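One letter stands for each residue in the lines below.
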Amino acid sequence: MKVLSLFTTTALLSVVGLSSAADDYVYGKDPKKDAEYDISMGMAGIQQASKDPKMLAQLFQDMQDPELMAEAKKMMESPDWKKKMKNLSNDKAFKANLDNVKKTMEDPNETAKMQAKMEHMMKVGQGELQADAKDTMAQAMQAMGDPDTMAEAARMMKDPNFQQQLSQMAKDPSFKKYVSAMQDMMQDPTTKAQMDQMADNFRSAL
């Protein structure tokens, strides 16, 4: 029900005018304004994701990142955030919108329609993310065909700091889409042969 929950949250906030930080505001100077900025940007992102399949899929992918979710939890536990949300809950427009959403959610047919719509968007968005990952991996393979690029990659792999960064990157949930894309590409015999040859060249360069 996570997809439906996101859609409901978006509906709640879509007609509520959250104040955003001024264009010339420097983040980090005022905790209160920081909280308002975070809320505005966060809700704007959710609202946009409810209309963009790829952004929606990316949002849920990001939600699988423990570090990102820990930061979000920390932000929402801050006094400034809680105060802003309390003020928002007293907003007449917010309350009216909340009542409308509750009524909608009480209708099984409307609830099913919303969930089906968002689940379809998720499926489409995941397909788009996978296609982007395949394009990225294909470009990387093409780049690695250049001897200078191959030599530079081999040099970087010898750097302990880079190895540590690579290890951390592998733990990122978003990295899985590239692994999945590579696995799909390896199903093609020609691509697999190219990858095997590239791996041999890379080992030689190390």
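Residues numbered from 1 in each chain as written. Predicted model: local features only at pLDDT ≥ 70, side-chain atom pairs only at ≥ 80, totals over all residues. Heavy atoms only, no water.

Secondary structure assignment for the protein chain yields 11 helices and zero strands. Burial analysis of the protein chain (206 residues in total) assigns 28% to the buried set. When contacts within the protein chain are restricted to residue pairs at least 6 apart in sequence, those whose partners lie at least 24 apart make up 74%. A total accessible area of about 13700 Å² is found for the protein chain, and carbon and sulfur atoms account for 54% of it. (Helix = DSSP H or I, 4+ residues; strand = E, 2+ residues; numbered from the N terminus. Buried < 20%, exposed > 50% of the residue type's maximum accessible area, 1.4 Å probe, protein only. Contact = heavy atoms within 4.5 Å. Areas by Shrake-Rupley, 256 points an atom, 1.4 Å probe, with all protein chains shown as cover.)

All right, on to the pattern of salt bridges then. Across all of its chains, the model carries five salt bridges by this definition. A salt bridge links Asp184 to Lys134; the shortest N-O distance between them is 4.0 Å. Here Asp184 is found in helix α10 (residues 176–185), whereas its partner Lys134 is found in helix α7 (residues 108–144), with 50 residues between them in sequence. In this structure, the salt-bridge partner of Glu152 is Arg155, at a minimum N-O distance of 2.5 Å. With Glu152 and Arg155 both in helix α8 (residues 147–157) and three residues apart, the pair spans about one turn of that helix. (Salt bridge = Lys/Arg side-chain N within 4 Å of Asp/Glu carboxyl O.)

Of all hydrophobic cores here, the largest spans 13 residues; its most connected members are Met137, Met141, Met144, Met150, Met195, Met198 and Phe202. Elements represented by at least two residues in this core include exactly α7, α8, α10 and α11 (189–205). The greatest single-element share of this core, amounting to four residues, is contributed by α7. Contact partners of Phe202, with chain neighbours within four places excluded, come to Met144, Met150, Ala153, Ala154 and Met157. (Core = buried A, V, L, I, M, F, W, Y, C linked by side-chain atoms within 4.5 Å.)

Here we come to the packing of α7 against α10. Put simply, α7 and α10 touch, their axes get as near as 8 Å, and they point 70 degrees apart. Here α10 runs roughly perpendicular to α7, going by the angle between their axes. Contact residues: α7 offers Leu129, Gln130, Ala133, Lys134, Thr136, Met137, Ala138 and Met141, while α10 offers Lys177, Tyr178, Ser180, Ala181, Met182, Asp184 and Met185. Classifying every residue of the contact of α7 with α10 by side-chain character gives nine nonpolar, three polar and three charged. (Axes fitted to C-alpha atoms, helices over the stretch in contact; angles between N-to-C directions. Parallel < 35°, antiparallel > 145°, perpendicular 65-115°, else oblique. Nonpolar A, V, L, I, M, F, W, Y, C, P; charged D, E, K, R; others polar.)

With 37 residues, α7 ought to run about 54 Å at 1.5 Å a step, and its terminal C-alpha atoms sit 54 Å apart, in line with that. Structurally, the start of α7 carries an N-cap: the backbone nitrogen of Asn109 is 3.0 Å from a side-chain oxygen of Asp107. (Expected span 1.5 Å × (residues − 1). Polar contact = N/O pair within 3.5 Å; in protein donor to acceptor, adjacent residues only side chain to side chain.)

It is worth spelling out α11 at this point. Given a rise of 1.5 Å per residue, 17 residues ought to cover 24 Å, and the 24 Å separating the end C-alpha atoms of α11 matches this to within 8%. Every buried residue of α11 is listed here: Thr191, Met195, Met198 and Phe202. The buried residues of α11 occupy an angular sector of 65 degrees when projected down its axis, which confines them to one face. Exposed residues lying more than 90 degrees from the buried face of α11 are Pro189, Arg203 and Ser204. At its buried positions, α11 is contacted by α7, α8 and α10. (Arc of directions from axis to C-beta.)

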